[in-house]
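Fold and geometry: a report
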Amino acid sequence: MNINVEKFNNEGFLGPFKISDQHQIASLLQERYIPRQYYTWLKSPHEKSEPIVKIAADKNIVDKLRHILKDNILLWGSLFIEQKPGNRHPWHLDVEHGSWDGATVSIGLKNLNNKTSLSLITYSHLLNSSPIELKQKNNLNCDNDQDVLKEAKKLDPRCELKTFYLNPGEFVLWSGKIWHSTLNESSNMRQSIILQYCTPDNLVKIPSNFEYPNTQWSETKPPCILISGKDNYKYNKVLTRDDIKPFSKYLQKFKISVLYNSRYKIAAIYRKLKNYKK
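Now for a look at the structure at hand. Fair warning: this is a prediction, and the values are worked out from it, not measured in the lab.

**Quick word on the environment of leucine 65**
Of note, leucine 65 is situated in helix α4 (residues 59–69). Sequence separation of leucine 65 and valine 5 is 60 residues, and the distance between their C-alpha atoms is 9.9 Å. Beyond its immediate sequence surroundings of up to four residues, leucine 65 is in contact with Lys70, Ile73, Ala103, Leu173 and Tyr197.

**Remarks on unusual backbone geometry**
With omega at 10°, the peptide bond leading from glycine 15 into proline 16 counts as cis. Inspection of the secondary structure assignment puts proline 16 in strand β1 (residues 13–18). In the segment running from tyrosine 212 into proline 213, the intervening peptide bond is cis, with an omega of 10°. Looking at the element boundaries, proline 213 is found in the loop between β9 (190–198) and β10 (223–228). Residues other than glycine seldom take positive phi values, yet lysine 70 does so here, at roughly 75°. Within the element layout of this structure, lysine 70 appears in the loop between α4 and β2 (73–83).

**Side note on the sheet that holds strand β5 (residues 116–121)**
Taken together, the four strands give an open sheet; going across it, the order is β3-β8-β5-β6, and neighbouring strands pair in antiparallel fashion. Either end of the sheet is taken by a strand with one partner, and the two such strands are β3 (88–92) and β6 (161–164). For this sheet the average axis-to-axis angle between neighbouring strands, irrespective of direction, equals 15°. Summarising the sheet, β3 and strand β8 (residues 179–184) pair through three bridges and their orientation is antiparallel. Directly across from arginine 88, in β8, lies its bridge partner leucine 183.

**Here we look at the sheet that holds β10**
Spatially, the seven strands line up as an open sheet ordered β1-β7-β4-β9-β2-β10-β11, and their pairing is mixed. Each edge of the sheet is formed by a strand with only one pairing partner; in this case those strands are β1 and β11 (237–239). On average, adjacent strands in this sheet sit at an angle of 35° to one another, irrespective of strand direction. Alignment of strand β4 (residues 103–110) against strand β7 (residues 170–175), held across five bridges, turns out to be antiparallel. Bridging across to β7, serine 106 finds its partner in valine 172. α4 rests against β1, β2, β4, β7, β9 and β10 of the sheet, and its axis sits at about 15° to β7.

Reading the values: rules and limits
- Residues numbered from 1 in each chain as written.
- Predicted model: local features only at pLDDT ≥ 70, side-chain atom pairs only at ≥ 80, totals over all residues.
- Heavy atoms only, no water.
- Helix = DSSP H or I, 4+ residues; strand = E, 2+ residues; numbered from the N terminus.
- Contact = heavy atoms within 4.5 Å.
- Pairing = 2+ DSSP bridges.
- Axes fitted to C-alpha atoms, helices over the stretch in contact; angles between N-to-C directions.

What follows is the structure, given as structure tokens:
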């Protein structure tokens, strides 16, 4: 497999690509119903989900990660993204990667079209700044693509805006510190998942706030999964495949598809009614 590692190191991204098993998408979508209180923190539903771990270990993803991170790879973060119609996630870099290096995979799942964009700025992972810092310093509008690009170009003229319109089962791989943003101009909820990886020589932490660069950290260790190779450092809480099987497979499937799904939908209806009354 020909992976342009030099492009990734310089420009900060690769893709889009397709996951090897497209049939995983339907079962993966069910996992978003797992109640939040059942896993350690916002970015760890993988500790209770075999389908998330399975797709995180997808051959087409891991083959590319091995070129970038080499053989020893931890999955430290997973997060379902449910982006409402008309919603923009402003330009940012993920605060965790202010503390350690790694790579992020964003996979499109459902309700994707030419109005559901994922954007990044090339070379921005090499900049000694972030959109939120420039907002504080220069009153940067982090919702405006061209304003953010203009500020990035002041720091490195090579910076360019790249925008992707993923199909279900397609993914983009980027360096942890890349500046990125998403926009949903469609009439449906945009569904995607991000998977975040690093090497075991990094100490993974849970942010107790999401302020960059003044991030504070929880003392709780986040659960990671060894996706490839070995962990010779023992810095992190690394789970085995057995640790993510708290119930029998059939009972877990029933809970997610019937019980958790119903609770999730009832809670969504309640939130809509509550907002309507306001």
